[in-house]
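Report on the structure
The residues making up each chain are set out below.
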Amino acid sequence: MAKLTSGFEIFGLVLFFGMVIFVFGHQCNPLPKTMYAAENRTLQGYTFARRPVRSRVICGRDCSIDKRCKSFNFNDCSKICELNLATRQEHPKVFNATLGSVYFDGDEDTLLYSLADKAYACAGLTLVERCEWGARKPRFPKAMPDTPDHCIVHHTAGHSTGSGQCYAQDTCSAMMRSFQNYDVDTNGWNDIGYNFVIGGDERVYVGRGWNVIGAHAGPSYNHRAIGIAVIGNYKNVLPNSTVLDVLQRLMACGVESGNLSPSYFLRGHRDVRNTTCPGDLLHAKIKTWSHY
Ligand SMILES: [Zn+2]
C-alpha cells in the first residue's frame, strides 16, 4: 500500500502544481497524473539532473515541471533526487536493484517491479543506511573495478572495540560509529573497513556498501571482495540462527542485485590472512555453506 500512497501523494502534488505545468507547456509533455513506484530500484544512466531535496514528493514535483523528465529516482536516506530522460520500459537492462532507493514512472505495470516479494532476498533484509547510524563522510571512496567475486566473513572481536555485542539499533549504531572512528582516526583508513556489518539486532548496517573497495582483507582481496562482519566474538559460540540467515540472505541479495558475482567464493578472514577471525565456530559454519 505504501506504493499506492506514494502515487496518491504525487497525484495530489500534480494537481497542486497543475497551473504551473499548464503555464509552462503541459501540452508538450503531459506527465501522467499518477506515478507508480518500484521500491529498491533505480533507472541508471539516464539522469539529467541530480540534487538533494527534502522528500520524494518534492522530487516528483521537480519531475512534473521539467518537460524532459520521464521518470525519477529518489533515495530516502541520502534524499538525493534524480530526474531521468527515459523510463524502465525503454531501458529495462539498466533498471537495477538499488537498496534504499525508489523509482517512479507513469506506467501502472511498474508496480509489478516493486520488490515486496519475500522471495527476493534483499526484501527480507532490514538495512540501516549510513545516515541512519550516524556515519562520518568517507574520504576518497574508490569504486570496485569489477563485480566482486569473493565474500569474506569477519567477526568484530578482532576489532579494537568489537568484542561486545548489541541487540538494538541504537547500541549497534553506536558500535558502528566506534568502528568507523577507530578505522579512520587510528588505522588511518578512509572509512569503516567493512562493506557491511550485521548486528545482534538482526539488522544489516551499511559500511562501504557493494560498490566501494573496503579495507578488511588486505590488498590482494579488498578490490574484489565484499567484507561482511558479524558483531561479536564467534570463537566459542555461533551467532543465532536469524543472524546466520541474514548473512546468507545478504550474499544472495548481492547476487540478485548484480553486485556480487553469481559464482562468488565464500571465505573466512582466516582463509586469506593470518588471523583467527571470524572465530572457530563461525568459520566452521560458513564452510558448510554453498560457495565455500
Ligand atoms: Zn576479520
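Residues numbered from 1 in each chain as written. Predicted model: local features only at pLDDT ≥ 70, side-chain atom pairs only at ≥ 80, totals over all residues.

- Going by an unreviewed UniProt entry, the chain carries the name Peptidoglycan-recognition protein SC2-like and comes from Acanthaster planci.
- Per UniProt, the comment on the chain under Sequence similarities (unreviewed entry) is "Belongs to the N-acetylmuramoyl-L-alanine amidase 2 family." (UniProt positions renumbered as here; feature names shortened; annotations may be inferred.)

**Structural notes on the sheet that holds strand β11 (residues 265-268)**
- Reading across from one edge, β6-β9-β8-β10-β7-β11 is the order of the six strands in this open sheet, with mixed pairing throughout. Two strands close off the open sheet at either side, each with one partner strand: β6 (127-128) and β11.
- Note that strand β8 (residues 196-198) and strand β9 (residues 204-206) share three bridges and pair antiparallel. Each bridged residue has a counterpart across the sheet, and for F196 the counterpart in β9 is V206.
- Lying on the sheet, helix α6 (residues 241-256) is in contact with β7 (150-155), β8, β9 and β10 (225-230); it crosses β10 at an angle near 165°. (Pairing = 2+ DSSP bridges. Helix = DSSP H or I, 4+ residues; strand = E, 2+ residues; numbered from the N terminus. Contact = placed C-beta atoms within 7 Å. Axes fitted to C-alpha atoms, helices over the stretch in contact; angles between N-to-C directions.)

**Quick look at the environment of W133**
- With respect to the element layout, W133 can be found in helix α4 (residues 130-133).
- Here W133 falls in the buried class, since 23 other C-beta atoms lie within 10 Å of it.
- C-alpha of W133 to C-alpha of D170: the two residues are 37 residues apart in sequence and 7.9 Å apart in space. (Buried ≥ 20, exposed ≤ 12 C-beta atoms within 10 Å, placed from the backbone.)

**Remarks on the nonpolar core**
- Within the largest apolar cluster, 38 residues are counted, with the highest numbers of intra-cluster contacts made by F196, I198, Y205 and I228.
- Taken together, the elements giving at least two residues each to this core come down to β7, α5 (169-186), β8, β9, β10, α6 and α8 (280-286).
- If one sorts the elements of this core by residue count, α6 sits on top with six residues.
- Every residue in contact with I198, bar those within four places of it in the chain, is listed here: V204, I228, V230, I231, V243, V246 and L247. (Core = buried A, V, L, I, M, F, W, Y, C linked by C-beta atoms within 7 Å.)

**A few points about the environment of Y182**
- Mapped onto the elements, Y182 comes out in helix α5.
- What makes Y182 partly exposed here is the crowd of 17 C-beta atoms within 10 Å.
- Counting along the chain gives 22 residues from Y182 to S160, while the straight-line C-alpha distance between them is 7.7 Å.

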